[in-house]
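Structure at a glance
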Amino acid sequence: MIFTSAAEPVKELPDHLDVYGFLFEYFPSSRPDTRNTGLPLFIDEQTAQQWTFEETKENTDLLSVALAEKCGIKPDTRAAIYATNSIYYPATIWAMHRLGAVVSPANAAFMAKELGLQIQESNSKLLFVSEDPVSLKNAFEAAKIANIPRDRIVIIQEPYTVLKYSESNYGRIQRKSQGAWTLAGLIEEGRDIVKAKGDAILTSTRYKLKPGEAKTKIAFLLFSSGTTGLPKGVAIQHFAVTSNALQTMAFNKVGSSLGAKGRFCPGKDVSLGVLPQVHIFGLSTCTHFPFYAGIANVVISKFRGIEAMIKTIIKYKISVWWLVPPMVVLFCKDPSVAPYLDELRKVARFAMVGAAPLSEDLSRQFSKIFPKLDWGQGSGMTETCSVTTMFPVGEPVVMGSAGRLFSNTEAKVVNSEGTEVGYDELGELWLRGPQITLGYTNNEKATRETYVEGGWLRSGDEVRIDRNGDVFFIDRLKELIKVKGFQVAPAELEGFLLDHPDVSDAGVIGIQDESAGELPFAFIALSQDAKKRAASGGSKQQDEIRQSILKFVADNKTRYKHLCGVAFIDAIPKTASGKILRREMRDMAKKLAPE
Ligand code: 4UW
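The text that follows walks through the structure, step by step, so that each part is easy to find. (Residues numbered from 1 in each chain as written. Predicted model: local features only at pLDDT ≥ 70, side-chain atom pairs only at ≥ 80, totals over all residues. Heavy atoms only, no water.)

**Things to note about the overall build of the protein chain**
- Helix and strand counts for the protein chain come out as 17 helices and 30 strands.
- Against the compact-globule benchmark of 25 Å for 595 residues, the protein chain has a radius of gyration of 24 Å, which places it among compact chains.
- In the protein chain, which comprises 595 residues, the proportion classed as buried is 60%.
- Summarising the internal contacts of the protein chain: among those between residues at least 6 apart in sequence, 71% fall at separations of at least 24.
- Put simply, the protein chain shows about 24000 Å² of open surface, and 52% of that area lies on carbon and sulfur atoms.
- In the protein chain, which carries 71 positive and 68 negative side-chain charges, the distance between the mean positions of the two groups comes to 2 Å. (Helix = DSSP H or I, 4+ residues; strand = E, 2+ residues; numbered from the N terminus. Rg over C-alpha atoms; globule rule 2.2 N^0.38 Å. Buried < 20%, exposed > 50% of the residue type's maximum accessible area, 1.4 Å probe, protein only. Contact = heavy atoms within 4.5 Å. Areas by Shrake-Rupley, 256 points an atom, 1.4 Å probe, with all protein chains shown as cover. Lys, Arg positive; Asp, Glu negative; His and termini not counted. Charge placed at Lys NZ, Arg CZ, Asp CG, Glu CD.)

**Some points on the nonpolar core**
- Judged by nonpolar contacts, the single largest core of 139 residues is most densely connected at L67, W321, L323 and F331.
- Here this core gets 8 residues from one element, more than from any other, and that element is helix α9 (residues 280-293).
- Setting aside chain neighbours within four positions, we find W321 in contact with L272, I313, F331, L344, A348, F350, A351, M352 and F370. (Core = buried A, V, L, I, M, F, W, Y, C linked by side-chain atoms within 4.5 Å.)

**Some thoughts on the layout of surface pockets**
- Of the volumes computed, that of the second largest pocket is approximately 1300 Å³.
- Lining the second largest pocket are 46 residues, and of these A109, K302, F303, F486 and Y560 lie nearest its centre.
- Secondary-structure elements contributing two or more residues to the lining of the second largest pocket are α5 (133-145) and α11 (325-333).
- By residue number, the principal contributor to the lining of the second largest pocket is α11, which donates 4 residues.
- Of the residues belonging to the lining of the second largest pocket, the class tally is 25 nonpolar, 14 polar and 7 charged. (1 Å grid on protein atoms, 1.4 Å probe; cavity = no way out; pocket = protein on both sides within 12 Å on 5 of 7 lines; lining within 4 Å. Points joined across faces, edges and corners; volume = space filled by probe spheres on them. Nonpolar A, V, L, I, M, F, W, Y, C, P; charged D, E, K, R; others polar.)

**Concerning unusual backbone geometry**
- With phi around 65 degrees, D424 is a residue other than glycine that occupies positive phi space.
- Relative to the helices and strands, D424 is located in the loop between β20 (420-421) and β21 (427-432).
- For D424, a relative accessible area of 39% translates into the label partly exposed.
- Even without being glycine, N442 reaches a positive phi, approximately 55 degrees.

**Some points on the pairing of strand β30 (residues 565-568)**
- Bridge count between strand β29 (residues 517-526) and β30: 4 bridges; the pairing is parallel. Looking across to β30, one finds that A522 is bridged to V566. (Pairing = 2+ DSSP bridges.)

**As for the pattern of salt bridges**
- Applying the stated rule across the entire model yields 44 salt bridges.
- Across the pair E189 and K70 runs a salt bridge, and its minimum N-O distance is 3.8 Å. Note that E189 is positioned in helix α6 (residues 183-197) and K70 in helix α2 (residues 53-70), a separation of 119 residues in sequence.
- By relative accessible area, which is 12% here, E189 ends up buried.
- We classify K70 as partly exposed; its relative accessible area is 37%.
- With its nearest N and O atoms 2.9 Å apart, the salt bridge here joins K561 to E492. One end of the pair, K561, is in the loop between α16 (528-556) and β30; the other, E492, is in helix α15 (residues 490-497), with 69 residues separating them in the sequence.
- According to the relative accessible area criterion, E492 is buried, its value standing at 14%. (Salt bridge = Lys/Arg side-chain N within 4 Å of Asp/Glu carboxyl O.)

**Let's talk about the packing of α2 against α6**
- One can describe the packing of α2 onto α6 by two numbers: an axis separation of 7 Å at closest approach and a directional angle of 85 degrees. When the axis of α2 is compared with that of α6, the two are roughly perpendicular. Here E58, N59, L62, L63, V65, A66, L67, E69 and K70 of α2 lie close against α6, whose contacting residues are L183, L186, I187, E189, G190, R191, I193, V194 and K197.
- Taken together, the residues of the contact of α2 with α6 sort by class into 10 nonpolar, 2 polar and 6 charged. (Axes fitted to C-alpha atoms, helices over the stretch in contact; angles between N-to-C directions. Parallel < 35°, antiparallel > 145°, perpendicular 65-115°, else oblique.)

**Looking at the packing of aromatic side chains**
- Throughout the structure, instances matching the rule amount to 30 aromatic pairs.
- Aromatic ring contacts, followed pair by pair, group Y20, F24, F27, F42, F53, W94 and F291 into a single cluster.
- Sitting over the ring of F140, R150 keeps its end group 3.5 Å from the ring centre.
- The aromatic ring of F391 is capped on one face by R263, whose charged end is 4.2 Å from the ring centroid. (Phe/Tyr/Trp six-rings, centres within 6.5 Å; stacked < 30°, edge-to-face > 60°. Lys NZ or Arg CZ within 6 Å of the ring centre and 35° of its normal.)

All quantities given are derived from atomic positions and should not be read as evidence of function.
And the structure:
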C-alpha cells in the first residue's frame, strides 16, 4: 500500500525559480513579507551583527557580482565551502546560486585530505574557507591536492574582524590575505564593479532559470554515503530546496503575514541556528526555511557546549529550537542546565529533534523538563533534501515516533521479500515527493539502486507506520553510522584501515553510545607479521598494536570518525560474495567486554 500524507498539501510548487529567486524575488500572498520592515533575519551570535532582508540581499548581490567578475564563476561552476556557521555562509551560497553555480558544503571539521577529496569529487573550482588558522592550513593543503590556485580561495572572516561598510571605511577593508581573497573584500570589489559598470552588471550576471529548469538544475552537491560504500555527492536540485521550504510552511500551517499566530510566528519567533549549515538539517530546515518564513535566525558558529547554547537562547529569547539527540541528552542529564530551566521554559515555544534516533526514555525525560513545549521528532535525509516526516501540529507528542509524513510526501514500506506491507508491519521505508533529489554524481550504480522506478527513494531505514500515520524508525538496514547526527561511512574507515601495516582486513560497525548516539568500532584481522608479534608479545604487544591503529585513524580523520575501540578477530565475517556481515559483527560486539 502507499501511505499518503494527511497534512495540508502545498498548492503551488514553482519549477521556474532557483533558490535565490525563491528567497529574494518570490512573494506569493502566502508568504510573510519581510521587505522594508527592518526585521533582522540573521543575527550573529558572537557580535550581535544583524542583517535585514535588504542587507542580506545587498551582500549577496555584491558578492555574486565579484564572484563572476573576479573569480570566474559561471553557471554550473562548482565551489566548495569549508566553514563553520556564520551569517556569511548563506550569503555565499545564494551568491553562487544567483549565478547558476553549484555549492558543495564540506564539513568544517574535515582534515586536509578529506577536504581535498571532496573538492576533487565535486569538481570544485573555488574554495570558501573560515578564517581560523587550522581551517586555513587545511584549506591551503587541500587546495594543493586539488589544484586550486590561491586566488581561487576565499576566506570567510569572523564577523567581528570585518569592517562594516561605510564611506569612511571604504578602502580600509582588507581585500586579500596570503594571496587569497577575503569575503568582505570581494563584497567591496562587487561594490566597486557596480559603481563602475552600473546596475547593468547586476542584470547581466543574474542567471534566470527557464520554466521547469528548477527540477534539473543542481543547487548543492552534499555528500552522503547512502546505503553502502563511500560518501557520494548528492545532486540537490533547486526545486527540492524550494519545495521543502514550502512543505515546511504548509505542514506547520505558517501564517501568511508577519505576527500571524501559529506553530511559527513570522516576525516574532527567533530560530536557533546552531546545527551545522553543512548538514542538510542545518542547511535546509534551519537556514532556508526561517529566511523564507520571516523568522529571525541567530547563527551560532558551532556548538560549544550546552551551557553556552543555553545562554545564547536566553539572551536572544530563541523560541524555535532545532536539535539533534545528543543535545537532548545534555538537556536531560547535564547538571549545568538546571539553573536556567525557568528562563528556558519562558522563551521556548517549539523544538524539533532528529538526524538520529531518540529513545522513548529520553523523549519522556525531555517532556518532563519542558511540559508545555510543542516538541517532537522529525526525520530526513540528505537524499530527500531535508524533511520527510515531522510531528503534527496540535497533537500530543508520540514518544519514539519520528512524526508523520510531510506535506506532499508519500511512503511505502517494503519487506525483505520485496513485498509492500501495511500498517504496523516492518520493512524498508521508501519515499516519494518533490523534495527527493536527483541522484549521486559520478555513481550511476548507486543511483540506480537507491532512486528506483516510479520516483521512489529507498531510504535504507527499517520502519513501522501505525494506523495514526506515526512513523517509527526500528533499525538501519544500510551501512551508515551516525555520530552526533553526522554520517560516518563504514566503507571509508575500512578502506583506510587497510593502509595500516598491521591490518590485513577490517570491518567497522556503530556501537551505541549515550551521548553521541553511536561511535565507530573496528574489528581487525591482523597481518601475518602483526599476528606473530601479538602471539609472542602477549597482551602488552596487542595493546600497542591497538593503540597504533586508533592513533592512525585519529591522526588522519576528523574527530567524529575516530574509533571508540578495536577488537582483533581471525577473519572478518563475510558472505560468499564478499559482503561484510555487519549484523554478525554487531552480535560479536555485544559479547565483548567494554573496551
Ligand atoms: N530517527 C531515526 C530520526 C532520524 C533518523 C534521520 O545525515 P542524513 O543524510 O540526513 C539527516 C537529516 C535529518 C533531518 C533533516 C531535516 C529536518 O528537519 C530534520 O528534522 C529533525 C532532520 O539526518 O542521514 C539520514 C539518516 O539519518 C537517520 C536515518 O537513518 C536517515 O536515513 N535519521 N532522522 N528522527 N533515524
